[in-house]
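Below are the chains, spelled out letter by letter.
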Amino acid sequence: MSNVVVFGSQWGDEGKGKIVDILAENCSAIVRFQGGNNAGHTLVVGGKQEILHLIPSGILHPGKKCAISNGVVLDPAVFLAEVDKLAAKGLDVSPSRLMISKKTHIIMEYHKLMDGCREAAKSAEAKIGTTGRGIGPCYEDKAHRCGIRAGDFQDLELLAAKITEALTEKNVLFKHLYGAEPLDPAKVLADLKPVAARIVPYLGDVSSAIQEAEKTGDILFEGAQGTHLDIDHGTYPYVTSSNTVVGNAASGSGCGPRKLERIIAIVKAYTTRVGGGPFPTELLDKVGDRLQSVGGEFGATTGRKRRCGWLDMVVLKESCRLNTPTELAITKLDVLSGHEELKICVAYDYRGEQVEYPPQEQNGMAFSSPIYETLPGWNEDITATRSMEELPANAQAYLARIEELSGVKVGIVSVGPDRAQTFMR
Ligand code: GDP
Ligand code: IMO
Ligand code: MG
């Protein structure tokens with residue numbers, strides 16, 4: 001028995017949701033520990049697709065407990081819409097199996113407005129390309145110690161006072177800096193009250209719930225985004241506003257770091273990125289277009305086209321040293337079928353010097369050109385393969401090279417979007 005952490009090793013959308021859905025079957029509880037509804041996690045079961053933004057990807061397995069912990073930022077209306085959508089499909093999404101930490105910060109109307117104002121005020125190249133979901137401004141308020149927490153929904157007087165205090169400052173910015181309509185605290189509160197009333201039954205102590213669930217099985221921690229979107233270790237400032245690295249599974253959920261045992265890096269067999277920021281292996285040619293169309297690379301949250309490129313081992317090696325994975329899960333290997341040759345970036349040329357890890361200067365990756373190794377491709381459709389041995393020799397060699405360069409074994413291979421299109425080693 002061991003608890004499991006699933007994390008994204010690139011810039012998000014590696015297929016975390018799919019792998020969490022598969023692993024959830026053998027766990028007692030699934031916990032989302034950071035991020036918010038900037039995430040879009042896609043599950044496909046028997047051809048039916050489900051996209052989850054906030055509710056843990058274990059929810060499709062009846063009886064498994066699901067929790068949204070303190071490290072998450074929660075848009076309550078989005079949460080309730082997700083609850084209603086799943087309930088309409090006959091799933092149990094009642095508070096008996098779904099919990100929100102009282103310490104979880106709430107994304108308010110003014111956070112979304114601020115996100116939009118800030119992005120609109122930036123020049124084209126400075127835009128982060130956020131999802132516009134209010135993620136950054138909500139985490140800012142958390143750090144600024146004026147955030148609204150889910151537990152505040154139990155105390156409407158406290159809630160009213162905190163909204164008034166927050167807007168006293170923010171309305172000055174809206175009105176005088178951004179030329180936006182200021183928000184009326186009374187209206188913000190009135191709009192929130194019915195939503196808050198529906199959230200209260202879901203409130204709980206997630207830290208204790210994890211401790212309890214451990215008595216009957218393993219806990220599965222579901223990361224969102226990817227290591228290179230981490231607020232500290234990512235391509236700052238083109239990052240999200242939370243720590244996406246595995247260490248945050250402990251602080252973001254209220255359990256000790258020794259509880260994190262099996263650590264699975266989700267690795268897309270090539271690289272994608274949505275939004276702004278440097279991307280050394282990006283392919284702005286027919287090969288990139290092909291990865292985008294064959295891979296169906298559109299954002300699960302915003303519908304934006306994902307930028308595509310070759311696998312970047314500099315990115316993956318950095319993820320391995322920051323997260324110490326015990327295994328890799330390689331996803332979307334099927335998308336690489338049909339290329340005569342495949343490239344893997346093994347180092348960067350950074351201002352004339354060869355480097356094996358991303359430069360730490362701001363925007364250093366923008367001044368890095370990839371140094372490639374070329375491997376032979378394969379033509380076979382591999383979507384029906386269910387073991388390492390069934391894969392074409394060149395696909396096996398591609399995986400072996402990833403293992404060699406990262407120093408971590410491949411434990412899971414995904415060859416299609418469906419739950420069934422996966423095999424474990
Ligand atoms: P997440 O954010 O990491 O959960 O990933 P997303 O759900 O945003 O994006 C992954 C996309 O790839 C989704 O559309 C999945 O259904 C799809 N997908 C996952 N694994 C595979 C795979 O092995 N092959 C193919 N073709 N698609 C996959
Ligand atoms: P999942 O969990 C891919 C990106 C945005 C933008 C940057 C900051 O599905 O892998 P934010 O709204 O967080 O302030 O945006 O981060 N981003 C993601 N990209 N997958 C995600 O989540 C992402 N969540 C945020 O596109 O570049
Ligand atoms: Mg996604």
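What you see is a predicted model; the values in this text were computed from it and never measured. Within each chain, residues carry numbers counting from 1 in the order of the written sequence. Naming scheme: in the order in which they are written, chains are lettered from A and ligands are numbered from 1. Totals for whole chains, interfaces and linings use all residues, but because this is a predicted model, local features are given only for residues with pLDDT of at least 70 and pairs of side-chain atoms are given and counted only at 80 or more. No hydrogens and no water enter the side-chain calculation; it runs on all heavy atoms of the structure.

### With respect to the side chain of Thr422
Right, so step 1: Helical segments are the DSSP runs of H or I of at least four residues, strand segments are the runs of E of at least two, and each set is numbered from the N terminus. Of note, Thr422 is situated in strand β20 (residues 422-424).
Right, so step 2: By relative accessible area, Thr422 is classed as buried at 12%.
Right, so step 3: Whether two residues touch is decided by their heavy atoms; if any such pair falls within 4.5 Å, the residues are in contact. Not counting residues up to four positions away in its chain, the partners in contact with Thr422 are Lys18, Ile22, Arg386, Ile412, Val413 and Ser414. Partly exposed residues are those whose accessible area sits between 20% and 50% of the maximum for their type, while under 20% is buried and over 50% is exposed, using a 1.4 Å probe and protein chains only.

### Things to note about the site of ligand 1
Right, so step 1: Near ligand 1 lie 19 residues; those nearest to it are Gly15, Lys16, Thr42, Asp334 and Ser414.
Right, so step 2: Throughout this description, a polar contact denotes any pair of N or O atoms lying within 3.5 Å of each other; where both atoms belong to protein, one of them has to be capable of donating a hydrogen while the other can accept it, and for residues adjacent in sequence the pair is counted only when both atoms sit in side chains. Separating an oxygen atom of ligand 1 from a side-chain N or O atom of Arg306 is a distance of 3.0 Å.
Right, so step 3: Methods summary: accessible areas were calculated by the Shrake-Rupley approach with a probe of 1.4 Å, and residue burial reflects only the protein chains presented. Here ligand 1, which alone exposes 580 Å², has 92% of that area covered by the protein.
Right, so step 4: For the shell around ligand 1, the elements supplying multiple residues, two or more each, are α1 (16-24) and β3 (41-45).
Right, so step 5: Here the shell around ligand 1 gets three residues from one element, more than from any other, and that element is α1.
Right, so step 6: Classes in brief: Ala, Val, Leu, Ile, Met, Phe, Trp, Tyr, Cys and Pro nonpolar; Asp, Glu, Lys and Arg charged; the others, Gly included, polar. Of the residues assigned to the shell around ligand 1, the class counts are four nonpolar, eight polar and seven charged. For this description, a residue counts as near a given molecule or strand if any of its non-hydrogen atoms is within 4 Å of it.

### Focus: the coordination of the magnesium ion (ligand 3)
Right, so step 1: Nitrogen, oxygen and sulfur within 2.8 Å of a metal are treated as its donors, or within 3.2 Å for sodium, potassium and calcium (Na, K, Ca); water is not counted, so a site can appear incomplete. The protein atoms that coordinate the magnesium ion (ligand 3) are Asp13 (OD) and Gly40 (O), at distances of 2.1 to 2.2 Å. Of this pair, Asp13 sits in the loop between β1 (4-8) and α1 while Gly40 is found in the loop between β2 (27-32) and β3, placing the two residues 27 residues apart along the sequence.
Right, so step 2: When its relative accessible area of 22% is taken as the criterion, Asp13 is described as partly exposed.

### Side note on the site of ligand 2
Right, so step 1: Of all residues adjacent to ligand 2, which total 21 residues, the nearest are Asp13, Lys16, His41, Thr131 and Thr240.
Right, so step 2: Lys16 has a polar side-chain atom sitting 2.7 Å from an oxygen atom of ligand 2.
Right, so step 3: Measuring from an oxygen atom of ligand 2, one finds a side-chain N or O atom of Thr131 at 2.6 Å.
Right, so step 4: Contact with the protein chains removes 97% of the 550 Å² of surface that ligand 2 exposes when unbound.
Right, so step 5: Considered class by class, the residues forming the shell around ligand 2 number eight nonpolar, ten polar and three charged.

### Observations concerning the state of the cysteines
Put plainly, a disulfide is one covalent bond tying together the sulfur atoms of two cysteines.
Right, so step 1: Criterion for a disulfide: a pair of cysteine sulfur atoms at a distance within 2.5 Å. This model, assessed by the stated rule, comprises zero disulfides.
Right, so step 2: Cys320 takes part in no disulfide bond, and the closest cysteine sulfur, belonging to Cys345, lies 14 Å away.

### A closer look at the nonpolar core
Right, so step 1: We define the nonpolar core as a collection of buried residues of types Ala, Val, Leu, Ile, Met, Phe, Trp, Tyr and Cys that are connected through side-chain atoms lying within 4.5 Å of one another. Membership of the largest hydrophobic core comes to 52 residues, with the highest contact counts inside it found for Phe79, Ile100, Ile163, Ile199 and Leu220.
Right, so step 2: Per-element accounting of this core gives the leading share, six residues, to helix α6 (residues 185-199).
Right, so step 3: Either an automatic procedure or a domain database provided the assignment from which the domain bounds are taken. Counting contributing residues, this core receives three or more from each of domain 1 (4-101 + 206-262) and domain 2 (105-199).
Right, so step 4: Among residues more than four places away in sequence, those in contact with Ile163 are Met108, Tyr110, Ile148, Pro185, Val188, Leu189 and Leu192.
Right, so step 5: Judged by nonpolar contacts, the second largest core, of 51 residues, contains Phe221, Cys255, Ile330 and Val413.

### Observations concerning the pattern of salt bridges
Right, so step 1: Here, a salt bridge means any Lys or Arg side-chain nitrogen found within 4 Å of an Asp or Glu carboxyl oxygen. Under the defined criterion, the tally for this structure stands at 25 salt bridges.
Right, so step 2: As a salt-bridge pair, Arg419 and Asp21 come within 2.7 Å of each other at their nearest N and O atoms. Within this pair, whereas Arg419 is found in the loop between β19 (410-414) and β20, its partner Asp21 is found in helix α1, the two being separated by 398 residues in sequence.
Right, so step 3: A relative accessible area of 29% means that Arg419 is categorised as partly exposed.
Right, so step 4: Judged by its relative accessible area of 2%, Asp21 is buried.
Right, so step 5: The closest approach of N and O atoms between Arg262 and Glu327, which form a salt bridge, is 2.8 Å.

### Focus: the domain arrangement of the protein chain
Right, so step 1: What the domain assignment reports for the protein chain is domain 1 (4-101 + 206-262), domain 2 (105-199) and domain 3 (267-424).
Right, so step 2: Between the C-alpha centres of domain 1 and domain 2 the distance comes to 23 Å.
Right, so step 3: Listed as interface residues are 25 residues of domain 1 and, on the opposing side, 21 residues of domain 2.
Right, so step 4: Buried area is calculated as the accessible area (1.4 Å probe) missing from two parts once they are joined, with the contributions of both summed. Across the interface of domain 1 and domain 2, roughly 1700 Å² is buried in total on both sides, 61% from carbon and sulfur atoms.

### Observations regarding helix α3 (residues 109-121)
Right, so step 1: What a helix should span is 1.5 Å times the count of its residues minus one. In a regular helix each residue adds 1.5 Å, so 13 residues correspond to 18 Å; α3 covers 19 Å between its end C-alpha atoms and thus fits that length.
Right, so step 2: Of the residues making up α3, those classed as buried are Tyr110, His111, Met114, Asp115, Cys117 and Glu119.
Right, so step 3: Looking at the buried positions of α3, the neighbouring elements they touch are β8 (105-106), α4 (135-144) and α5 (156-177).

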